[in-house]
Amino acid sequence: MAYEALRHYSERALTFRFVSNIDGTDFAESVRDLDPSETLFIVSSKTFTTLETMTNAHTARAWSIAGMGGEERSVARHFVAVSTNAGEVAKFGIDPSNMFGFWDWVGGRYSMDSAIGLSTMLAIGADNFRALLDGFHQMDEHFRTAPFERNLPALMGLLGIWYNNFFRAPTVAVLPYEQYLKRFPAYLQQLTMESNGKHVTRAGAAVRYATGPVYWGEPGTNGQHSFYQLIHQGTQMIPCDFIAFAQPLNPQGRHHDMLLANVFAQAEALAFGKTPEEVKAEGTPDWLVPHRVFEGNRPSNTLLVDRLTPQALGALVALYEHSVFTQGTIWQINSFDQWGVELGKALAQRIIPELESEAKPTLRHDSSTNNLIRRYRKHRAAL
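What you are looking at is a predicted structure, and each value in this text was computed from that prediction instead of being measured.

S.K.: I would appreciate a short explanation of the sheet that holds strand 5 (residues 214-216) in the present structure.
M.R.: Sheet strands associate in pairs through backbone hydrogen bonding, adopting either a parallel or an antiparallel arrangement. One open sheet holds the four strands; their spatial order is 5-4-6-7, and the pairing between them is parallel. With partners counted over all chains shown, the strands left at the sheet margins are strand 5 and strand 7 (300-305), one partner each. Taken pair by pair, the neighbouring strands of this sheet meet at an average axis angle of 15°, ignoring direction. Taken together, the four bridges between strand 4 (residues 171-176) and strand 6 (residues 240-245) define a ladder with parallel strand orientation. Each bridged residue has a counterpart across the sheet, and for V174 the counterpart in strand 6 is D241. Against the sheet, helix 11 (residues 255-272) touches strand 6 and strand 7, its axis set at about 155° to strand 6.

S.K.: Would you take a moment to explain the layout of surface pockets for this structure?
M.R.: The gaps of empty space that remain are located by a probe, the size of a water molecule, rolled over the atoms. Computed from the structure, the second largest pocket encloses a volume of approximately 430 Å³. In terms of lining, the second largest pocket is formed by 18 residues, of which the most central are E178, Q179, H255, H256 and L259.

S.K.: Got a minute to help me understand the packing of helix 9 (residues 184-196) against helix 14 (residues 310-331) in this structure?
M.R.: The axes of two packed helices give the description: the angle between them and the distance between them. With their axes 10 Å apart at the nearest point, helix 9 and helix 14 run at an angle of 25° to one another. By the angle between their axes, helix 9 is roughly parallel relative to helix 14. Like other packed secondary-structure pairs, helix 9 and helix 14 cross with a definite hand, here right-handed. Each of F184, Y187, L188, L191, T192, S195 and N196 in helix 9 lies in contact with helix 14, whose residues at this interface are L316, V317, Y320, E321, V324, Q327, G328 and W331. The class makeup of the residues in the contact of helix 9 with helix 14 is nine nonpolar, five polar and one charged.

S.K.: Could you clarify how one ought to interpret helix 11 in this entry?
M.R.: For an α-helix, 3.6 residues make a turn, and residues three or four places apart therefore share a direction. With 18 residues, helix 11 should cover 26 Å at 1.5 Å per step; its first-to-last C-alpha distance of 26 Å lies within 8% of that length. Residues H256, L260, V263, Q266, A267 and L270 constitute the buried set of helix 11. Along the long axis of helix 11, the arc covered by the buried residues comes to 115°, so they all point the same way. Opposite the packed face of helix 11, turned more than 90 degrees from it, sit the exposed residues D257, E268 and F272. The elements touched by buried residues of helix 11 are helix 10 (228-233), strand 6 and strand 7. One or two positions beyond helix 11, positive phi appears at G273, with a value near 60°.

S.K.: Explain the sheet that holds strand 1 (residues 41-44) here, please?
M.R.: A sheet is described by the order of its strands in space; here three strands give the open sequence 1-2-3, paired in parallel fashion. Each of the sheet's edge strands pairs with one partner strand only, and the pair in question is strand 1 and strand 3 (99-100). Relative to strand 3, strand 2 (residues 79-82) runs parallel, the two being bridged by two bridges. Directly across from V82, in strand 3, lies its bridge partner F100. The strands touched by helix 3 (residues 51-67) are strand 1 and strand 2; relative to strand 1, the strand with the most contacts, the crossing angle is about 160°.

S.K.: Please explain helix 2 (residues 24-31) as it appears in this structure.
M.R.: Those residues of helix 2 that sit buried are F27, S30 and V31. Down the axis of helix 2, the buried set is contained in an arc of 80°. They therefore lie on one face. In this structure, the buried residues of helix 2 make contact with strand 1 and helix 3.

S.K.: Would you mind going over the environment of M121 with me for this structure?
M.R.: Relative to the assigned elements, M121 resides in helix 6 (residues 118-124). Placed 218 residues apart in sequence, M121 and W339 show a C-alpha to C-alpha distance of 31 Å. Once residues within four sequence positions are removed from consideration, M121 is found in contact with A126 and F129.

Procedures and definitions
Residues numbered from 1 in each chain as written. Predicted model: local features only at pLDDT ≥ 70, side-chain atom pairs only at ≥ 80, totals over all residues. Heavy atoms only, no water. Pairing = 2+ DSSP bridges. Helix = DSSP H or I, 4+ residues; strand = E, 2+ residues; numbered from the N terminus. Axes fitted to C-alpha atoms, helices over the stretch in contact; angles between N-to-C directions. Contact = heavy atoms within 4.5 Å. 1 Å grid on protein atoms, 1.4 Å probe; cavity = no way out; pocket = protein on both sides within 12 Å on 5 of 7 lines; lining within 4 Å. Points joined across faces, edges and corners; volume = space filled by probe spheres on them. Parallel < 35°, antiparallel > 145°, perpendicular 65-115°, else oblique. Left-handed = near helix turned anticlockwise from the far one by under 90°. Nonpolar A, V, L, I, M, F, W, Y, C, P; charged D, E, K, R; others polar. Expected span 1.5 Å × (residues − 1). Buried < 20%, exposed > 50% of the residue type's maximum accessible area, 1.4 Å probe, protein only. Arc of directions from axis to C-beta.

None of this, on its own, says anything about what the molecule does.
Right under this line is the structure:
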């Protein structure tokens, strides 16, 4: 997300690719046109044991060694690590002096301003990365010191609770009118839902109210031609965050004025809608009037920033981080654990050898899972 958001400031002579999905296609497509002798891999893993990350890392290692004529010592020159586990880093073949460390309490979804941001810094340069950090710091200080009535993260967090818990709004749409922020809604999905998707309080008691609404969205006017219909005239209330920038990074005639006009128009339409009387006054036939009525009174925030800079991105990310923390505090849940991701991982570790075994395994799952494993093994054997 950060690389795409700040691509305007990036070193275009360098090619940056990111692999996180364990699906082999992700890796294959990322390296398809790369020269191993000119490729540096940054393996980012706190523990250096995470299944998906290390599976991809070992595949990258094999690809790199093969491209370097089988020379295993080349790993030390083509791999660096971002981790807290020097022992595992050294075992992989990376010199620990080429390990960028960070605090072990830094959670993944809060880590882009730590050493995990190394790839971002390489792309945009040290000065721009410092500006990114300065944006984080400015919002941190605002959240820490501003009174609640003027505290932007606190107000956003409270609004989120208001709509989620009192108006039963189960989702939030994040709508950046800036193509560089195309991955921002997806980034917020992890930040918000992994943080506040909890059903017990910090004390272990069952939560009796809604927590963690679903976050989603798309950039620019693209969404207007797909899901905005649901936002305007659907049966659910969907609070929206519009994000726009007064100054374009790539001026193209009237484009930016038209883009910003759409932002302001959408917010106005959601707020005030269109009454039956207004529709009739336009000469609309009576049978068509109900279809062209907009109820209005549908909530949105509009964040209008001067320009998308590294500093602005840092402040924007920190804004949502502190908003998530505000909500977690009021809901009395721990926004900084993620036990929900563990069960699936544990079961996957049990299933992997059952899929790969040459001998027919004894399966002790439920009937559905057992049949899926058998079906997959049958197809796999036919290859």
